[in-house]
Amino acid sequence: LVVGFQVDNQELELAVLHESLDQVGVVERQIMPLMIRMLDGLERFIGLDVPFLLDERLGRVERLRVLMERADVTLAEKFRRLTEAFQIENDFGRTIEIYKDTLDLAGATLEVNVLRLGRIGLYYQTNDASATGMWDADSGAWVPLTGGRDRAEVRRGIRIARKLVAPDLLLLPVPAPEVAP
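Quick summary incoming for the structure in this document. Please read all numbers here as calculations on a predicted model, not as lab measurements.

A word on the packing of helix H2 (residues 54-69) against helix H3 (residues 75-92). Where H2 meets H3, the closest approach of the two axes is 10 Å, and the angle between their N-to-C directions is 165°. Of the possible angle classes, the one that applies to H2 and H3 is roughly antiparallel. Note that H2 runs across H3; the crossing there is left-handed. Contacts from Glu56, Arg57, Arg60, Leu64, Leu67 and Met68 of H2 reach H3 at Lys78, Arg81, Leu82, Ala85, Ile88, Glu89 and Phe92.

Structure follows, in structure tokens:
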């Protein structure tokens, strides 16, 4: 009697496992289109965002597109890499960073330090502080900041990003927030 009960329970458990395995196939077929839509959304987000480190960020998206096509990479690894890319983009919103770049401004090519304040402000300044400016999302271009105070604040922001001075309040112009199209 006990053996028959055990066999019945094992057969029931086996049926549940077979049903679960069938569902795994369904989930796998549904998750890939979801991940492609997530990747498309990430690419659109980067295109609408403040244009910092574009080569790096768009390169990450392109590498993910190539990865999604590979049959030798597990679905779990693809999903892990995709969520990692989202986390990197999320981290950009709450960090301050400085990096070197070359900008074409008023017909001249300048080597500048670019200061990124989260996603709210993107500023540039030459090493000698002779040229300072900010990204203007409305015009889609870099605009000069001519005030002495703005120049000093960008310089201080660069020093903060390099961890040469303690974090402090920066009094810089920031663009007004708006709803993305």
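Attention now moves to a positive patch on the surface. Taken together, the side chains of Lys100, Arg155, Arg159 and Arg162 make up a positively charged region of the molecular surface. In this fold, Arg162 is placed in the segment after helix H4 (148-161). Owing to a relative accessible area of 38%, Arg162 belongs among the partly exposed residues under this scheme.

It is worth spelling out the nonpolar core at this point. In this structure, Phe52, Tyr99, Leu103, Val114, Leu122, Tyr124 and Trp142 are the most contacted members of the largest nonpolar core, which totals 14 residues. Broken down by secondary-structure element, the contributors of at least two residues to this core are strand S1 (96-105), strand S2 (108-117) and strand S3 (121-125). The leading source of residues in this core is S1, at three residues.

With that settled, consider the packing of aromatic side chains. As enumerated under the stated definition, the model contains three aromatic pairs in all. Consider the rings of Phe52 and Phe92, whose centres lie 5.0 Å apart with planes at 80°: the pair is edge-to-face. Within this pair, whereas Phe52 is found in the loop between helix H1 (2-48) and H2, its partner Phe92 is found in helix H3, the two being separated by 40 residues in sequence. Overall, the relative accessible area of 8% leaves Phe92 in the buried class. Taking 5.5 Å as the distance between ring centres and 75° as the angle between the ring planes, the aromatic pair formed by Trp135 and Trp142 counts as edge-to-face. There is no split in this pair, since Trp135 and Trp142 are both buried. Among the aromatic residues, those joined into a ring-pair cluster are Tyr124, Trp135 and Trp142. The ring of Phe52 has Arg57 lying over it, and the distance from NZ or CZ to the ring centre is 4.0 Å. A cation over an aromatic ring shows up here: Arg116 above the ring of Phe52, its NZ or CZ 5.0 Å from the ring centre.

All right, on to the sheet that holds S2 then. Pairing within the open sheet is antiparallel, and its five strands lie in the order S1-S2-S3-S4-S5. Unpaired on one side and paired on the other, S1 and strand S5 (141-144) mark the two borders of the sheet. On average, each strand axis in the sheet is inclined to that of its neighbour by 35°, with strand direction left out of account. Examined bridge by bridge, S1 and S2 share 10 bridges and lie antiparallel to one another. Bridge pairing in S2 places Lys100 opposite Asn113.

Locating Arg60 in the fold gives a position in helix H2. Non-local contacts of Arg60, meaning those with residues more than four positions away in its chain, are made with Ala85, Ile88 and Glu89.

Here is what the cut-offs are and how they apply
- Residues numbered from 1 in each chain as written.
- Predicted model: local features only at pLDDT ≥ 70, side-chain atom pairs only at ≥ 80, totals over all residues.
- Heavy atoms only, no water.
- Axes fitted to C-alpha atoms, helices over the stretch in contact; angles between N-to-C directions.
- Helix = DSSP H or I, 4+ residues; strand = E, 2+ residues; numbered from the N terminus.
- Parallel < 35°, antiparallel > 145°, perpendicular 65-115°, else oblique.
- Left-handed = near helix turned anticlockwise from the far one by under 90°.
- Contact = heavy atoms within 4.5 Å.
- Patch = residues over 30% accessible without salt bridge, like charges linked within 9 Å, V, L, I, M, F, W, Y side chains within 5 Å.
- Areas by Shrake-Rupley, 256 points an atom, 1.4 Å probe, with all protein chains shown as cover.
- Salt bridge = Lys/Arg side-chain N within 4 Å of Asp/Glu carboxyl O.
- Lys, Arg positive; Asp, Glu negative; His and termini not counted.
- Charge placed at Lys NZ, Arg CZ, Asp CG, Glu CD.
- Buried < 20%, exposed > 50% of the residue type's maximum accessible area, 1.4 Å probe, protein only.
- Core = buried A, V, L, I, M, F, W, Y, C linked by side-chain atoms within 4.5 Å.
- Phe/Tyr/Trp six-rings, centres within 6.5 Å; stacked < 30°, edge-to-face > 60°.
- Lys NZ or Arg CZ within 6 Å of the ring centre and 35° of its normal.
- Pairing = 2+ DSSP bridges.

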